[in-house]
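# Working through the structure, step by step
The primary structure of each chain is shown beneath.
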Amino acid sequence: MTTYIERFPAEARVIRSTFFTAFIALGIGALFGLLQVLHRTDVHRLVDSADYYHILTIHGVLLALTFTIFFLAGVFTWGLTTSLDRGVVDVRFTWAWYGLMVGGTALAAIPMFGGLIDGIDMSAGVLFTFYAPLQAHPLFYLGLALFIIGTWLAGADWIWTYLAWRRENPDERIPLPTFMVLTTTLFWYLSSLGVAIAVVVFLLPWSLGLLEQVNPLLTRTLFWYFGHPVVYFWLMPTYMLWYVLLPKVAGGKLFSDPLARVVFVLFLLLSTPTGIHHQYLDPGIAEGFKFIAMTNTMFLLLPSLLTAFTVVASVEHGARQRGGTGYLGWLGALPWRDPVFTGMALAGLMFAAAGFSGMVNAGMNINYLVHNTFWIVGHFHLTVGTAVALTFMAVTYWLLPQITGKPIWSRSVGLAQVVTWFVGMTLMSNAMHRGGLSGVPRRTAEPQYENFDFTPAFGTMAELDAGVVIGGSLLFLSAVLFLGNVFVSLTGGKDLTSIPENAYAEALSGAEDGPLILDNLKLWLVIAVLLVVLTYALPIGAIIDRGGLLGPGGSPYPLVVESGRAISIGLGEVVA
Amino acid sequence: MRISPGALLVLIAVSIPFIVQSRTVAAFIGLDMSVWQMIALGTVTISAIILWAVWPEKWLPGRPKLEEG
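Below: a short report on this structure. (Residues numbered from 1 in each chain as written. Chains lettered and ligands numbered in written order. Predicted model: local features only at pLDDT ≥ 70, side-chain atom pairs only at ≥ 80, totals over all residues. Heavy atoms only, no water.)

### Here we look at the pattern of salt bridges
Scanning the entire structure with this criterion turns up 14 salt bridges over all chains. Put simply, Glu168(A) and Arg86(A) hold a salt bridge, and the shortest N to O gap is 3.0 Å. Taken together, the positions of Glu168(A) in helix α5 (residues 138-168) and Arg86(A) in the loop between α3 (52-84) and α4 (91-114) put the pair 82 residues apart, joining distant regions of the chain. The buried category is assigned to Arg86(A), whose relative accessible area is 17%. Across the pair Arg23(B) and Glu463(A) runs a salt bridge, and its minimum N-O distance is 2.8 Å. Of this pair, Arg23(B) sits in helix α1 (residues 5-28) while Glu463(A) sits in helix α17 (residues 461-491), placing the two residues on different chains. Owing to a relative accessible area of 4%, Arg23(B) belongs among the buried residues under this scheme. The partly exposed category is assigned to Glu463(A), whose relative accessible area is 24%. (Salt bridge = Lys/Arg side-chain N within 4 Å of Asp/Glu carboxyl O. Helix = DSSP H or I, 4+ residues; strand = E, 2+ residues; numbered from the N terminus. Buried < 20%, exposed > 50% of the residue type's maximum accessible area, 1.4 Å probe, protein only.)

Structure representation (structure tokens):
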């Protein structure tokens, strides 16, 4: 039996660093999340409401970008090296991209936290969705740019290592975890291009005073070009863990390797040309382009449904290997006392609910009901806040011993932690969804107004506020339990004999059962680029044509009004 | 016990979304359920789950015993 740290000690050091950086971000982000729920519900307002937006920005950036991306960078390095059974080509390069990501985060953090300190004349209260017209200090944009470049170099490191393996193994199929890392990396290059252009070409020069103005609709569109796909940058490593680790801890094998490859190819193709569905209410983008984005988004349900089928089938196989029988009786044979399994299983269950609320968001007509309401906040706390975050925390209980050689301090505390997260998120996101249906806005410090009360379909606003506060407090407690368990584990001694072998799930139907074309990544990348060009070339061209490359912005009226006026004029001429 | 303590904990946790959403379902069919009624329903449901889980398995002869998780 060999643990990861014995086989790859140099890579284990880098992964430890990425995880620890992610955990620091998780701790600060969770604390600021608690402050938010207390502030919004008027239970306790520690800061002035004007400063709420700094807290919201720190919460969003640290959890949605820093925690997730540092963690997934470590997971991908683990998956790549484990499945190729070789180390990275040059670990100094691996440290270089890690250092660049840390440096970028530190630079962006200075104005983010500076906004909360009176003596510091810097601010970045522009929220996680940092498009114009809100403007941050240049350090914020510079830090983000360096962070993104760091992720690109990480991708280059993984591709470089794969190519070295390919030279040594010219006839082998790409191992599944490596296939998943490569498709995600290619997708990330394609989708992060939008935010890189927005930051480097427009927002950074604008914040430095080199540009007098920018086109807000253009920067919004470029942000959402990245802003929705980034969800899949969090989800694809999560899916990888559901495919390669969950069946293993369940005691079985992956149901189908080729089906998993199909899912990742579909994500590479379809994840990027979808961002306009965040802009259904934006004037200046024709309805037809929004309809295309909606269609693409609905197609994304396919890989998620394929995943639900494959993962549940794999888990059922594991349960039956453990003695489970019957139509549903096999569920009782699963290792529910293991926080690794239970955390991932509960995360997957929550993701099903997130898929349903996501369909509402994606539909052009019913999106108008929930657009910019608390519903959206409830939705993404189910996706990134549970499917991704809970999976990452659960997997830590398996990966941390692998990369440190130290067993987890308490698996019982781990089990309590993942269950607490699930219950807390149930209460909080339910209240958020219901509040959104009643019209409660998001991104608001004080959603309490004079002479006006929101009217929930049933119950009262006080009940919904209670749900948010109790749920948010349970989530914070869960984060504290997680970080405490990790910290105490790290203070313990090494015990390699108690740690399972570093491996991932074998497949019932292996790569050899799938066609070779699945591994043709160049083909899939070309098709992905074509789809992006087809979806975005015309709307971006129209935005620049109407509002100018550097502003002042799009028409204040929806295009459909102009079309309607043209039709009415035409009809008038006919009648006349 | 019919199921492991871990499985019981998870079963109780998974029942909570259903209990919380029972108010939504009730509202759809015109039943206005208060928070306290929902809490009462939840208490009964969770108590029933615990009772079922800790009831000795010998009361159900012929049921195969599952491996503990």
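Moving on from the coordinates now.
### Some details on the packing of aromatic side chains
Residues and elements named next belong to chain A. This model, assessed by the stated rule, comprises 41 aromatic pairs over all chains. When the ring of Tyr131 is compared with that of Phe223, the centres are 5.6 Å apart and the planes differ by 70°; the resulting orientation is edge-to-face. Remark: Phe223 occurs in helix α7 (residues 216-227) and Tyr131 occurs in the loop between α4 and α5; sequence separation between them is 92 residues. The residues Tyr131 and Phe223 share a single accessibility class, namely buried. Plain terms: the ring middles of Phe223 and Phe226 are 5.6 Å apart, the flat faces sit at 75° to each other, and that makes the pair edge-to-face. Of this pair, Phe223 and Phe226 both sit in helix α7, 3 residues apart, roughly one helical turn. Like Phe223, the residue Phe226 is buried in the burial classification. One aromatic cluster is present, formed by Phe128, Phe130, Tyr131, Phe140, Tyr141, Trp188, Phe223, Trp224, Phe226 and Phe233 through successive ring pairs. For the cation-ring pair, Arg40 lies above Phe374, with the distance from its terminal atom to the ring centre recorded as 3.9 Å. Looking at Arg220, its charged tip hangs above the ring of Tyr131, at a distance of 4.7 Å from the centre. (Phe/Tyr/Trp six-rings, centres within 6.5 Å; stacked < 30°, edge-to-face > 60°. Lys NZ or Arg CZ within 6 Å of the ring centre and 35° of its normal.)

### Regarding the interface of chain A and chain B
Tallying the contact residues gives 25 residues for chain A and 21 residues for chain B. Contact between chain A and chain B buries roughly 1,900 Å² in total, counting both sides, with carbon and sulfur atoms accounting for 71%. One can count 1 salt bridge joining chain A with chain B. Taken together, the connections running from chain A to chain B amount to 2 residue pairs in polar contact (both at pLDDT 80 or more). Of all elements in the fold, only α13 (339-362) and α16 (411-437) of chain A reach the threshold of two or more residues within the side of chain A that touches chain B. Residue contributions to the side of chain A that touches chain B peak at 8 residues, all from α16(A). Across the side of chain A that touches chain B, the residue classes break down as 12 nonpolar, 9 polar and 4 charged. (Contact = heavy atoms within 4.5 Å. Buried area = accessible area lost by both parts, 1.4 Å probe. Polar contact = N/O pair within 3.5 Å; in protein donor to acceptor, adjacent residues only side chain to side chain. Nonpolar A, V, L, I, M, F, W, Y, C, P; charged D, E, K, R; others polar.)

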